Amino acid sequence: MKKAKAGHLRRLQLVKPFIGRILLGFTVMLVAIVIQLSFPKAVSYFVDTIAKESSTDWLLVPAILVFITFIVYCTVTALRFYLFESTGDMIVRRLRERLYSSIIRQEIGFFDTTKTGELTSRLTVDLDMLKDALSMNIAIMTRSFIVGIGGFVMIFGISPLLSVIVMFTLPITILLTKWLGRKVRLKSMALQESLSGSLHTAQESFSNIRIIQAFNQSKKAIKTYSAAAESVLEHSLENSKLMATFQGLSTFASFSTLLVMMIVAAVLISKGSMTIGELTSFILYAGMVSMSVNSISSLWGQWMRSYGATERVFELLDRVSKIQTYKEGMEIAQLQGKVEFDQLSFAYPGRQEKEVLSTFSLTIESGEKVALVGPSGAGKTTVVNLLLGFYEPHEGYIRFDGIDASSLDYRSIRESIAIVEQEPVLFSGTIAENIGYALSNPLDRLDEIEHAAEMANAHDFIVNFPKGYQTAVGEKGVQLSGGQKQRIAIARAVIKNPKILILDEATSALDSESELLVQDALNKLMYGRTTIIIAHRYSTIAQVDKLVVLNRGEVIQYGTHQTLIENEEGMYHKLMSNQMG
Ligand code: ADP
Ligand code: MG
């Protein structure tokens, strides 16, 4: 209970920065409420005067007054709508940004175990729900509350006896509302979950569209998606059933009250203790009261629904990255380039039971070049992942220049590391922006970018594009070949001027012609830097100082080309002679 209260408060606090707008909104709303509450009085006046007067001379002035009042009413209603709606949009915008920054800082392990669709639906569906709850609903609830109280005061003034009868419906509706709120909150969590599941399914198929069509599996994709949509429907239906039951019951309560009220009113009027005009305004006010109570309860249902949805938004907002908390505010590293892996053992968060590295040890001196070779799945990329601080080793240490990595700020470590991977990933944007990715102001440093491109053997092909460095890449730009992308990725690494360079199968996806250009670029890049090269091909690792052969997470051979190739029983010998043969 206490926790729920804090939860409500926390949601309301999101409104705080916009308190000025909100207050203005409430002010115009108050004007609208006063007009709304005086409306039945006017009707009552009209009805009784019509009955009393035989001419219509009196009509003009009240009609003009009512007309002017209507104009004011419509204006403030429009204003109120805009003020609250726009505040909701602003709240969501802020929250969206905060949420995104929280997500983007999570450790890589978090992304291994969380579906992308789930994260994007947090940013879209869930936030939209919160928006409605925080803007319109708060406004309408407040209005209903005031109108309800005001209306009640009015009917009490007209006829206390009739008012007491109206009162009877209240507790029924309130009880119903509480029951509904609790149920809906639980159901809506499940609904949001199935929604984000369906989002994930759709996203995955869109990004794998080539494979789906190449394998003629559109039908299968549709089947998977329709199952996801079906599950969304099931959950929605349960929600709707709840709402429908509630609607039925509360309508029944109001109409029964109305019936009893009419009977009593008939008696009162026949006795002469009430006029028809009074009855008219009483019914209008009573209608306001009952509509207010109904709208409060249905909005409460919506609030609880959004409560479920936003629970996860807050969970995600509050989540602290495992890597960051561990390293935040710690010593800033100025790396020289020496790296030690000391008895590392590790399993991925998504597959705890399978140890991927066991007691892996390796020392790389500053400026030294070391090759990691071994069959696919041996754990080579995992070594890189640990070096970059994507995951924490379960046992053992990583040291930079002799300092335990866990006492260093990992962001500063990453400043000194650059990586070139097998499948280079470029962002949408221009070539210049992609090369200058590590720079805070790439547009002011075009000279450096060009220089990096020259180092990476990329300058020549870039200037051959009509727009040169300003050519857009990716979805809306040119489609680059694998070798061209790779050289842009190398230029992106060059510009960082890293102390430590990681090449994870950087040439293995290339044909032999572009491999030559890329290899030449890599050789220039490696010069004078600590380098870890993961590769299969001999040409790539010909110039390294040391070789480590990894198999199933363990170092099984260690030495120079000469010593390893001479051992004809060793795995290195087999790996290399397979390729050369
Ligand atoms: P490689 O030597 O080919 O680079 P990896 O280091 O990528 O091998 O993978 C080593 C083992 O860890 C493999 O069995 C792989 O299936 C597993 N693995 C890799 N990444 C993950 C991950 N994110 N979650 C769970 N298991 C993983
Ligand atoms: Mg790998």
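Going by the structure above, here's the rest.
Residues numbered from 1 in each chain as written. Chains lettered and ligands numbered in written order. Predicted model: local features only at pLDDT ≥ 70, side-chain atom pairs only at ≥ 80, totals over all residues. Heavy atoms only, no water.

## Thoughts on the packing of aromatic side chains
What counts here: Aromatic rings from Phe, Tyr and Trp, taking only the six-membered ring of Trp, are treated as a pair when their centres fall within 6.5 Å; an angle between ring planes under 30 degrees marks them as stacked, one over 60 as edge-to-face, and anything in between as tilted. For every residue, the accessible area obtained with a 1.4 Å probe (protein chains only) is divided by the maximum for its type, and the residue is called buried under 20%, exposed over 50%, and partly exposed between those limits.
This model, assessed by the stated rule, comprises 14 aromatic pairs. For the pair Tyr 45 and Phe 46, a centre-to-centre distance of 6.1 Å together with 90 degrees between the ring planes defines the contact as edge-to-face. On the basis of relative accessible area, Tyr 45 is assigned to the partly exposed category, the value being 43%. Considering the side-chain rings of Phe 461 and Phe 465, the 6.1 Å spacing of their centres and the 90 degrees angle between planes classify their relative orientation as edge-to-face. Of the two residues examined, Phe 461 and Phe 465, each falls in the buried class. Grouped by ring-pair contacts, the aromatic residues Tyr 45, Phe 46 and Trp 58 constitute a single cluster.

## Examining the nonpolar core
In plain terms, the rule: Nine residue types can take part in a nonpolar core, namely buried Ala, Val, Leu, Ile, Met, Phe, Trp, Tyr and Cys, and a core is a set of them joined through side-chain atoms within 4.5 Å.
Core analysis: the biggest nonpolar cluster contains 48 residues, and Leu 99, Leu 134, Leu 162 and Phe 282 have the highest contact counts within it. Grouped together as the second largest cluster of nonpolar side chains are 44 residues, Ala 432, Ile 490, Ile 533 and Val 544 included.

## Quick look at the site of ligand 1
This is how it is decided: Summary of the distance rule: residues count as near a molecule or strand when at least one heavy atom falls within 4 Å of that molecule or strand. Nitrogen and oxygen atoms within 3.5 Å of one another constitute a polar contact, given that in protein one can donate a hydrogen and the other can accept it, and given that sequence-neighbouring residues count only through two side-chain atoms. Only the protein chains shown count as cover for residues, and the accessible areas themselves come from Shrake-Rupley with a 1.4 Å probe. The way it works is that DSSP assigns letters per residue, a run of H or I at least four long becomes a helix, a run of E at least two long becomes a strand, and they are numbered from the N terminus.
As a structural note, the neighbourhood of ligand 1 is formed by 14 residues, with Lys 354, Gly 377, Lys 380, Thr 381 and Thr 382 the closest of them. Gly 379 is positioned with one of its backbone polar atoms (N or O) 2.9 Å from an oxygen atom of ligand 1. Here Thr 382 contributes a side-chain N or O atom positioned 2.5 Å from an oxygen atom of ligand 1. Taking 560 Å² as the accessible area of ligand 1 by itself, protein coverage stands at 73%. With 3 residues, the single largest contributor to the shell around ligand 1 is helix α12 (residues 380-387).

## Structural notes on the sheet that holds strand β1 (residues 339-347)
Just so we agree on the cut-off: Paired strands, as defined in this entry, are two strands with at least two bridges between them according to DSSP.
Taken in spatial order, the 4 strands make up an open sheet running β2-β1-β4-β5, and their pairing is antiparallel. Both outer strands of the open sheet, β2 (355-364) and β5 (403-404), are each paired with one neighbouring strand and no more. The pairing of strand β4 (residues 395-400) with β5 spans 2 bridges and is classified as antiparallel. Bridge pairing in β5 links Phe 400 to Ile 403.

## Considering the sheet that holds strand β6 (residues 417-420)
Whether parallel or antiparallel, the strands of a sheet pair through hydrogen bonds between backbone atoms. Cut-off, in case you're wondering: Axis definition: a line fitted to C-alpha atoms, over the contacting stretch in the case of helices. Angles run 0 to 180 degrees between N-to-C directions. Residues are treated as being in contact if the distance between any of their heavy atoms lies within 4.5 Å.
Across the sheet, which stays open at both edges, the 6 strands sit in the order β6-β9-β10-β3-β11-β12 with mixed pairing between neighbours. Each having just a single partner strand, β6 and β12 (554-559) make up the two edges of the open sheet. Strand after strand, the sheet turns through a mean of 20 degrees between neighbouring axes, direction not considered. Strands in contact with helix α18 (residues 512-526) are β3 (369-373), β9 (500-504) and β10 (530-534); relative to β9, the strand with the most contacts, it is inclined by about 155 degrees.

## Some remarks on a negative patch on the surface
Note the threshold: Grouping into patches uses exposed residues only, defined as over 30% relative accessible area, and leaves out salt-bridged ones; the cut-off is 9 Å for like charges and 5 Å for nonpolar side chains (Val, Leu, Ile, Met, Phe, Trp, Tyr). By definition, a salt bridge exists where a carboxyl oxygen of Asp or Glu is found within 4 Å of a side-chain nitrogen of Lys or Arg. Charge assignment: positive for Lys and Arg, negative for Asp and Glu; neither His nor the chain ends contribute. Charge placement uses NZ in Lys and CZ in Arg. For Asp and Glu, CG and CD serve respectively.
There is a patch of like negative charges on the surface, built from Asp 447, Glu 450, Glu 454 and Asp 460. It is helix α15 (residues 446-455) that provides the largest number of residues to the negative patch, a total of 3 residues. Counting through the fold element by element, Asp 460 comes out in helix α16 (residues 459-463). Here Asp 460 falls in the exposed class, since its relative accessible area comes to 58%.

## So, α18
The condition is simple: For a helix, the expected span equals 1.5 Å multiplied by the number of residues minus one.
Look at α18: 20 Å from first C-alpha to last across 15 residues, which is about the 21 Å you get at 1.5 Å a residue. Buried residues along α18 sit against β3, α15, α17 (482-494), β9, β10 and α19 (538-541). Downstream of α18 by one or two residues, Gly 528 has phi in the positive range, about 75 degrees.

## Things to note about α17
Here α17 is 13 residues long and its end C-alpha atoms lie 18 Å apart, about the 18 Å a rise of 1.5 Å per residue gives. Of all 13 residues making up α17, 11 are buried, and the element is well covered by its neighbours. Those residues of α17 that fall on the buried side of the exposure criterion are Gly 483, Gln 484, Gln 486, Arg 487, Ile 488, Ala 489, Ile 490, Ala 491, Arg 492, Ala 493 and Val 494. Contact partners of the buried residues in α17: β6, α14 (431-435), α15, α16 and α18.

Nothing here speaks to function; it is geometry throughout.
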